[in-house]
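# Inside the fold
Listed here are the chains, written in short residue letters.
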Amino acid sequence: MASIRGDPEDVFSHGFICPKGFALKELHEDPDRVRTPLIRRPDGSFAPASWDEAFAEIQRRLSPILAADRNGVAVYLGNPNAHNLANILYGTVLLRALSSRNTYSASTVDQFPKQLASALMFGTGTTVAVPDVDRTGHLLILGANPLASNGSLMTAPDMRGRLRAIRARGGRIVVVDPRRSRTAEEADEHHFIRPGTDAHLLFALVHVLFAEGLTRPGRLESLTDGIDVVRRLAEPFTPEAAASACGIEPDEIRHMARELAAAPRAAVYGRIGTCTQEFGTLASWLVDALNLLTGNLDREGGAMFPLGAAGHANAVGTPGRGKGFRFGRFHSRVRGLAELFGELPVSCLAEEIDTPGEGRVRALITLSGNPVVSTPNSARLDRALDGLDFMISLDVYVNETTRHADVILPAPSPLRRPHYDLALYLFAVRNVANYSRPVLAPEPELPDEWVTLLRLAGVAYGLGPDADIEQLDAQVARTLIERALATPGSSVADRTVDELLAELEPRRGPERLLDLMLRTGPYGDHFAGGEGLTLAALEAAPHGIDLGPLQPRLPDVLRTASGRIELAPEPIVADVERLLTALRTQRDDAMVLIGRRQLRSNNSWMHNLPVLAKGKPRCTLHVHPDDASRLELLDGEQAEIRSRTGSVVAQVELTDGVMPGVVSLPHGWGHDAPGTALSVAAERPGTNSNVLADELLLDALSGNAVLNGIPVELAPVRAPEALSASWPA
Ligand SMILES: Nc1nc2c(c(=O)[nH]1)N[C@H]1C(S)=C(S)[C@@H](COP(=O)(O)OP(=O)(O)OC[C@H]3O[C@@H](n4cnc5c(=O)[nH]c(N)nc54)[C@H](O)[C@@H]3O)O[C@H]1N2
Ligand SMILES: Nc1nc2c(c(=O)[nH]1)N[C@H]1C(S)=C(S)[C@@H](COP(=O)(O)OP(=O)(O)OC[C@H]3O[C@@H](n4cnc5c(=O)[nH]c(N)nc54)[C@H](O)[C@@H]3O)O[C@H]1N2
Ligand SMILES: [Mo]
């Protein structure tokens, strides 16, 4: 193939694509990419196998475990599923077929605190307010580095251009981060913050708003419950009290609050740094509390609710009211951690495998995930996987996780499948829809992932290794149509399942489901002909369809049982006690570890692509010079970093871009594990920072892992023989 470039006419990106986009060509051509099913031999090596052989093995080994106990089979869903149309739609089919409580995903090392706060306040976990960056005049960013990440729960291409435009029109950008990130460098103001103390700071901002009479909820006042509760909860969080915890001066806190309140259009935005920490849910909630109290929630230039063209739960059913939100419907076996959005915290996956007893996890299916690198106490999980009776990985590499699998099932190259970013459009700064056909024709020997997922579902349903895919897929479509017909206020309530099924002909798989979702969605044609959105319309618009800037959606967007914004939901109010305890507790002076996302990395899995991997080693430990001199660490030399769970060695890089008392190591590295097939990545393996992340450190409310603010000890490593590999053999 030739090369990959941006599409200048694309309605969203206007041709801007990130380095990872360009790298798709190398991913496509990567000789290490798995192209046939692999079955593990008794000696531990992998043998290529046919699909029938692989599924015969799965049937033989998975079925008895499932028959003994559905919860004996765990699933881990990784991040790429969110961007893969087939997996996002058919992964849930597999989960339903397995019906195991042991469902885990990258969401509990990522955004669940934000989704929990959103669900409690607004009624669904995808009712997430995102900054209206293109119209805002003041952006307060905490724990996010959109210049490197392009956003995440604020999806937008060309973040650099968009942020620069804010300043060009006279607006301000304030960044709160223990590192001077790329985004901080582009901002008007940057404040170092002690990791894990955003909730203290945000509460102090709320405190100042109330104390100085600066709250202006405006039209939302009459729609909101709990404003007075928040006022009361904020009382102890004076700027002085918060300052001693977060390390930002009281006057600066006051200034920050006044500026936010004075800005005609402002938005507060928090991301990974505010989620993957001890008070992730509180911090995430406070971000929206500030948006609401300053009158910026749901208004142009503030924080607004996107309206995706397909799959948006807050656009289905009765506008403005719903069932509300429940969690903790079941608990993990060993530690009793609460269910959230149908999942258990991935921090307890290892113990569910390595703790004997009834209900133990005996088999694991990983679906586009690398938990051995991405989740806390990696070394324990790595060992635990060896104790499984059976493991299946749907993946494109033999990496740190999948090397433990008994069967690896590959996926086609991204260039051989259609694309529609179902998940990201729910969090995009502009309402758009874009569908791309596969760039290249499918290869017969590499079935689409939805076919593989249905085949696995067939095994889980007890239909054997050769279930009728056509029939299963029709059943999936039927179920989805039945649900569309039955929802209150359905626009197709007068139609029948068979009629709609016929109208969706001859589509199959993800395209059939997507067409249904688009057509019954908020911009859809509702199967009535006319102008509305259909998949055919998207196919006819190769640059995508612009659905316009974000629009105010309150109160219709609400799905709380009360039909109101719940500003002080009970679980959150109860969790404030934990924060108060932290506020009162004298902090110790332990060094803490945070992460560092990099433009040319994508979590753990793009380090095998030369265009992204080249250059000098990036997996270095950022240390402030003051700490370095105290700890006798030298620039360019090795340091040992030790936490409760383990120790790793990394090269020290001195920089005043990190706050004193804080060190930063990127995640996603450690590609020197034996038995992997990552020839390029292995040349610059780096070290796995999640060996240091403690599976016992959680945001108690959401169960999300603490990946930022991990207490560590540091020591120089001078003698070369003391250098240890990051992986136990
Ligand atoms: N310390 C620390 N840890 C972190 C984070 C942090 O900031 N700090 N960030 C966390 C976050 S936000 C996330 S999202 C997680 C990510 O956690 P994971 O999702 O577990 O990790 P990834 O590195 O994204 O792994 C993706 C896997 O999908 C495979 N893959 C890629 N494309 C395909 C495909 O088309 N089909 C299939 N079947 N497989 C594919 C890759 O080979 C790889 O094994 O990491 C988390 N871990
Ligand atoms: N190039 C690239 N882009 C990506 C990814 C990638 O790996 N590479 N991953 C994608 C994924 S899966 C995600 S979830 C998003 C994440 O998107 P972002 O959240 O925008 O990305 P990060 O760079 O992790 O930004 C987190 C910031 O929080 C800071 N931080 C750490 N601890 C704290 C704290 O306690 N308080 C505060 N205020 N700040 C803190 C870190 O220093 C860092 O600058 O990015 C996505 N985009
Ligand atoms: Mo993520």
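Scroll up to find the structure this text is about.
This write-up is about the structure you can find in this document. The residue numbering used here restarts from 1 in each chain and proceeds along that chain's sequence as written. Lettering for chains starts from A, numbering for ligands starts from 1, and both go in the order in which the items are written. The predicted nature of this model means local features are confined to residues of pLDDT at least 70 and side-chain atom pairs, given and counted, to a pLDDT of 80 or more, with totals for whole chains, interfaces and linings taken over all residues. Only heavy atoms go into the side-chain values, all of them from the structure, while hydrogens and water stay out.

Any residue with a non-hydrogen atom lying within 4 Å of a molecule or strand is treated as near it. Around ligand 2, 31 residues are found, and the nearest of them are S149, D177, G196, D198 and S601. One of the backbone nitrogen or oxygen atoms of N145 is found 2.9 Å away from an oxygen atom of ligand 2. Throughout this description, a polar contact denotes any pair of N or O atoms lying within 3.5 Å of each other; where both atoms belong to protein, one of them has to be capable of donating a hydrogen while the other can accept it, and for residues adjacent in sequence the pair is counted only when both atoms sit in side chains. Note that a nitrogen atom of ligand 2 is positioned 3.0 Å from one of the backbone N or O atoms of Q598. When ligand 2 sits alone it has 920 Å² of accessible area, and the protein chains cover 96% of it. Here the Shrake-Rupley method, with its probe set to 1.4 Å, supplies the accessible areas, and only the displayed protein chains count as covering residues.

Soluble globular proteins tend to bury their nonpolar side chains together. Side-chain atoms within 4.5 Å link the members of a nonpolar core, which is a set of buried Ala, Val, Leu, Ile, Met, Phe, Trp, Tyr and Cys residues. Think of it in three bands: residues with accessible area under 20% of the maximum for their type are buried, residues over 50% are exposed, and the middle band is partly exposed, with areas taken using a 1.4 Å probe on protein chains only. I58, L62, L409 and Y420 are the most contacted members of the largest nonpolar core, which totals 90 residues. Here a helix means four or more residues in a row that DSSP labels H or I, a strand means two or more in a row labelled E, and each is numbered from the N terminus. At 8 residues, helix 4 (residues 85-98) tops the list of elements feeding residues into this core. With 67 residues, the next largest nonpolar core counts L120, F122, F203 and L293 among its residues.

The criterion for strand pairing is that DSSP finds at least two bridges linking the strands in question. Pairing within the open sheet is parallel, and its 4 strands lie in the order 8-7-6-10. Strands at the two margins of the open sheet, each flanked by one partner only, are strand 8 (189-191) and strand 10 (266-270). If you compare each strand with its neighbour and ignore which way they point, the axes differ by 15 degrees on average. Direction of pairing for strand 7 (residues 172-176) relative to strand 8: parallel, over a ladder of 3 bridges. When the sheet's bridge partners are listed, V175 is paired in strand 8 with H190. Here helix 7 (residues 159-168) sits on the sheet and contacts strand 6 (138-142) and strand 7; the angle it forms with strand 7, its principal contact strand, is near 125 degrees. Residues are treated as being in contact if the distance between any of their heavy atoms lies within 4.5 Å. Simply put, an axis is a line fit to the C-alpha atoms, just over the touching stretch for a helix, and the angle between two N-to-C directions goes from 0 to 180 degrees. Lying on the sheet, helix 12 (residues 250-262) is in contact with strand 6, strand 7, strand 8 and strand 10; it crosses strand 8 at an angle near 135 degrees.

Here, a salt bridge means any Lys or Arg side-chain nitrogen found within 4 Å of an Asp or Glu carboxyl oxygen. A complete count under the given rule lists 52 salt bridges for this structure. Between R329 and E339 there is a salt bridge whose closest N-O contact spans 2.4 Å. Placement of R329 in the loop between strand 11 (303-304) and helix 15 (349-354) and of E339 in the loop between strand 11 and helix 15 is noted, with a sequence separation of 10 residues between them. Given the relative accessible area of 48%, R329 is considered partly exposed. On the basis of relative accessible area, E339 is assigned to the buried category, the value being 0%. Each of the salt bridges in this network shares a partner with another, and the network as a whole consists of R437, R495, E499, E503, R507, D515, R519, D525 and E539.

Glancing now at the environment of V680. Within the element layout of this structure, V680 appears in the loop between strand 22 (662-664) and strand 23 (698-699). What V680 contacts, discounting residues up to four positions off in sequence, is D32, H607, N608, P610 and A613.

So, to be careful, I would describe these as geometric facts and stop short of saying anything about function.
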